[in-house]
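Below, each chain spelled out in residue letters.
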Amino acid sequence: MKTSKQQSDVLVIGAGAGGMSVAYWLALQGVDVEVVEFGSLPDPKSEFLTDLWPDSLLLRGLDKGGMEYYCPTHFVEPYNASYKIGKEVGNSWLKRTRVVGGKTLYWTAHSPRFSDYEFKAETVTGRGQDWPISYKDIAYYYTKAEKIMGVCGTKEGLEQQPDGEFLPAFELRKGEKILQKVLGSSGIRLIPARKAILTKPLGAGTTRAICHQCGRCYLGCKTSAKFDAFTGFYKQSGGKIRLRSNSVVTEIVSDRDSRKVIGLKCLDRVTKEESLLKARVIVVAASAIESARILLNSLSLDRSKGLANSSDCVGRYLAESTGVSIEGLLPELKGTQVDNEDGSGEHGLIPRFLNLKKQQDFAGGFLYVTQSGAEIFPSFAARLPGFGEELKQSIKAWFPAAIRLYGIAPIESCKENRIMLDSSKSDDWGIPVVKVQFSLSQQDRKLWQAMHDYGLEFLNDANCDQIATDTSEPLTGGGLHACGTCRMGKDPKNSVVNSFGQTHDIRNLFVADASVFVCSLNQPTLTLIALALRTADFITEGLRYGDF
């Protein structure tokens, strides 16, 4: 095993939203930081499939899982997945990325702030669980994150959806304006979406372009108008972040005498040559699943399995999000002119409106993002009657009239929902895969059902035709929003890290991804990045005063 002669100030595991946020903010403050990433550097110009038309994709991109849409080398293949979450939680391997930038290369960039309805749920509503932080603790870092990322939106003065520092918003489309008027009569708001996409130049020194509204953000943005961690953090750092790509972290090495972590054991992804990297501080930010997996596969200070796991909470409280897609056709737009409304995907947001004042018999709330107008795929076509020329004319007439609600709801945090190492199976690099224990609670099902039913009601109120949903039972987000496996808390007996992401057991070991979340959030990325920037400031101060 080769031992690195250079000791970094900070080693970061993972080059996604959390890892690159920490590395970027540390590097700007003069900290020597190296990021270790399983995947390779992306090449947006050749690997993003944004510009391809459906007829150039196998099965027009609609094969099982839709993988033709994406660069396949950026994703964990199902036959070599380190885990699968089972039928109830969808094919979660699909969205597990192994590439510099992580899932930020392929997200839809929705970036809402969250309020104390989430952070102090039990205190404010009497249900749910409180985080060890409140909104005021993170508001400063929300602003920092928004200014770095470039988040567009409008100030609305909603307590449950705090305003941020916004670029000009994308205009609501015709269908969204119709629905906005319908909902407004019942006091429910539909506002412009808050998205990390540039609608005007961000400032000097950036290579990111203004959005040209091709409408296919989820395929990867070639111009980087949509924020991603590769361009917005790594490239924007100006070479201040050292990156070790194609490196597989097998174990975090700790020292019993100093009661600290001292380095990482890594394998070259291709040659499998082993190396030992050393640092004063280690930050784990490899995703909720992989971060817990690495900690569970590392020896604790007493040399048993499970680093930073005296609470037995590493891997526990696994949470996700549930979703539903509801579509209808607006009669007043039938036969109207087809405009170029590709835009930036969903332009509308219906913020949480349940369990704010009056409480239901279930906790929490959900949001919808909205989209309307003509798209490349007329997804409603299969539901229209007729055949041949008659069907074609009907599709053409209805083409600009489609409107969709995409609902997203959090899942209740439950100690029994967890990941564990499977000692009987290992991946190609000799690391045990994980077993997943997960089920939806009755609370989860009630919240999802309300989200499903309200969506149908909204489109019925708008007199929509051909209303349909993608599912009649709860499904989770397919691995998009996994969180909670290294949760934060004040009590070391029932949490893994404190409010700054510092592990209770080891003072120079931190976690900076969605695994620190106390509960799942509908669109977690902005919150994840804000928390990571806060962690980076805490580490910088600790290095300055010799705490590590």
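Here the structure is shown first, and the text comes after it.
Owing to the predicted nature of the structure, the values given are computational and were not obtained by experimental measurement.

Section: the overall build of the protein
Summing up its helical and strand segments, the protein has 11 helices and 16 strands in all. Relative to the compact-globule value of 24 Å for 548 residues, the protein shows a C-alpha radius of gyration of 23 Å, a close match. When its C-alpha atoms are laid out on the principal axes, the protein stretches across 75 × 50 × 50 Å. Burial status across the protein gives 60% buried among its 548 residues.

A look at helix 1 (residues 17-28)
Its 12 residues place the ends of helix 1 17 Å apart at the C-alpha level, agreeing with the 16 Å of an ideal helix rising 1.5 Å per residue. For helix 1, a buried count of 11 out of 12 residues is recorded, marking the element as mostly surrounded by other parts of the structure. Three or more residues of helix 1 are buried, namely Ala17, Gly18, Gly19, Met20, Ser21, Val22, Ala23, Tyr24, Trp25, Leu26 and Ala27. Phi turns positive, to about 85°, at Gly30, one or two residues after helix 1.

What to know about the pattern of salt bridges
Enumeration according to the criterion identifies 23 salt bridges in this entry. Across the salt bridge formed by Arg98 and Glu290, the nearest N and O atoms sit 3.8 Å from each other. In this pair, Arg98 sits in the loop between helix 2 (44-47) and helix 3 (116-119) while Glu290 sits in helix 8 (residues 288-296), placing the two residues 192 residues apart along the sequence. Its relative accessible area of 15% is what places Glu290 among the buried residues. Residue Asp339 pairs with Lys174 through a salt bridge whose shortest N-O separation is 2.8 Å. Of this pair, Asp339 sits in the loop between strand 8 (321-329) and strand 9 (348-350) while Lys174 sits in helix 6 (residues 174-184), and the two are 165 residues apart along the sequence. By relative accessible area, which is 36% here, Lys174 ends up partly exposed. Salt bridges sharing partners connect three or more residues here, namely Asp32, Glu34, Arg242 and Arg244.

Quick look at the pairing of strand 5 (residues 247-255)
For strand 5, the tally of buried residues reaches 8 of 9 residues, placing the bulk of the element in the interior. For strand 5 and strand 6 (residues 260-268), the ladder comprises 8 bridges, and the chain directions are antiparallel. Bridge assignment links Ser254 to a residue of strand 6, and that residue is Val261. Here strand 5 hands over to strand 6 after 4 residues, with Arg259 in that stretch at a positive phi of 55°.

Topic: the side chain of Glu37
Structurally, Glu37 can be placed in the loop between strand 2 (33-36) and helix 2. There is no salt bridge for the buried Glu37, and the closest opposite charge comes from Arg269, which lies 6.5 Å off by N-O distance. At a separation of 2.9 Å, a polar atom in the side chain of Glu37 contacts the main-chain amide nitrogen of Ala15. The residues touching Glu37, leaving out its near neighbours within four places in the chain, are Gly14, Ala15, Arg98, Val99, Val100, Leu243, Arg244, Ser245, Asn246 and Ser247.

Let's talk about the environment of Arg96
Its location among the elements puts Arg96 in the loop between helix 2 and helix 3. Accessibility expressed as a relative area gives 8% for Arg96, which makes it buried. The spatial distance from the C-alpha of Arg96 to the C-alpha of Ile350 is 28 Å, given a sequence separation of 254 residues.

Here's the deal with unusual backbone geometry
Of note in this structure, Asn246 is not a glycine but carries a positive phi near 50°. One can find Asn246 in the loop between strand 4 (242-244) and strand 5. Positive phi, close to 55°, is recorded for Gln466, a residue that is not glycine. Note on placement: Gln466 falls in strand 14 (residues 465-469). Taking relative accessible area as the criterion, Gln466 reaches 25% and is therefore assigned partly exposed.

Focus on the pairing of strand 12 (residues 418-426)
Both strand 12 and strand 13 (residues 432-437) contribute to a ladder of 6 bridges, which runs antiparallel. Bridge pairing links Ile419 to Val436 in strand 13. Counted along the chain from strand 12 to the antiparallel partner strand 13, the turn is 5 residues long, and its residue Gly430 has a positive phi close to 80°.

Comments concerning the environment of Leu509
Mapping Leu509 onto the fold places it in strand 16 (residues 509-511). The buried category is assigned to Leu509, whose relative accessible area is 0%. Sequence separation between Leu509 and Ile262 is 247 residues, and the spatial gap between their C-alpha atoms is 9.4 Å.

Side note on the packing of aromatic side chains
Using the criterion set out here, one finds 19 aromatic pairs in the structure. Look at Phe230 and Tyr234: their rings are 6.2 Å apart centre to centre, the planes differ by 25°, and that puts the pair in the stacked class. Of this pair, Phe230 and Tyr234 are both found in helix 7 (residues 229-234), 4 residues apart, which corresponds to roughly one turn of the helix. Looking at Phe230, the relative accessible area reads 7%, which means it is buried.

What to know about the nonpolar core
Of all hydrophobic cores here, the largest spans 111 residues; its most connected members are Val10, Trp131, Ile252 and Leu509. With 10 residues, helix 11 (residues 525-544) is the single largest residue contributor to this core. Residues within four places of Val10 in sequence aside, it is in contact with Leu26, Val31, Asp32, Val33, Glu34, Ala279, Val281, Val283, Ile539 and Leu543. Counting 35 residues, the second largest nonpolar core, distinct from the first, contains Val324, Trp398, Ile403 and Leu405.

What counts and what doesn't
- Residues numbered from 1 in each chain as written.
- Predicted model: local features only at pLDDT ≥ 70, side-chain atom pairs only at ≥ 80, totals over all residues.
- Heavy atoms only, no water.
- Helix = DSSP H or I, 4+ residues; strand = E, 2+ residues; numbered from the N terminus.
- Rg over C-alpha atoms; globule rule 2.2 N^0.38 Å.
- Buried < 20%, exposed > 50% of the residue type's maximum accessible area, 1.4 Å probe, protein only.
- Expected span 1.5 Å × (residues − 1).
- Salt bridge = Lys/Arg side-chain N within 4 Å of Asp/Glu carboxyl O.
- Pairing = 2+ DSSP bridges.
- Lys, Arg positive; Asp, Glu negative; His and termini not counted.
- Polar contact = N/O pair within 3.5 Å; in protein donor to acceptor, adjacent residues only side chain to side chain.
- Contact = heavy atoms within 4.5 Å.
- Phe/Tyr/Trp six-rings, centres within 6.5 Å; stacked < 30°, edge-to-face > 60°.
- Core = buried A, V, L, I, M, F, W, Y, C linked by side-chain atoms within 4.5 Å.

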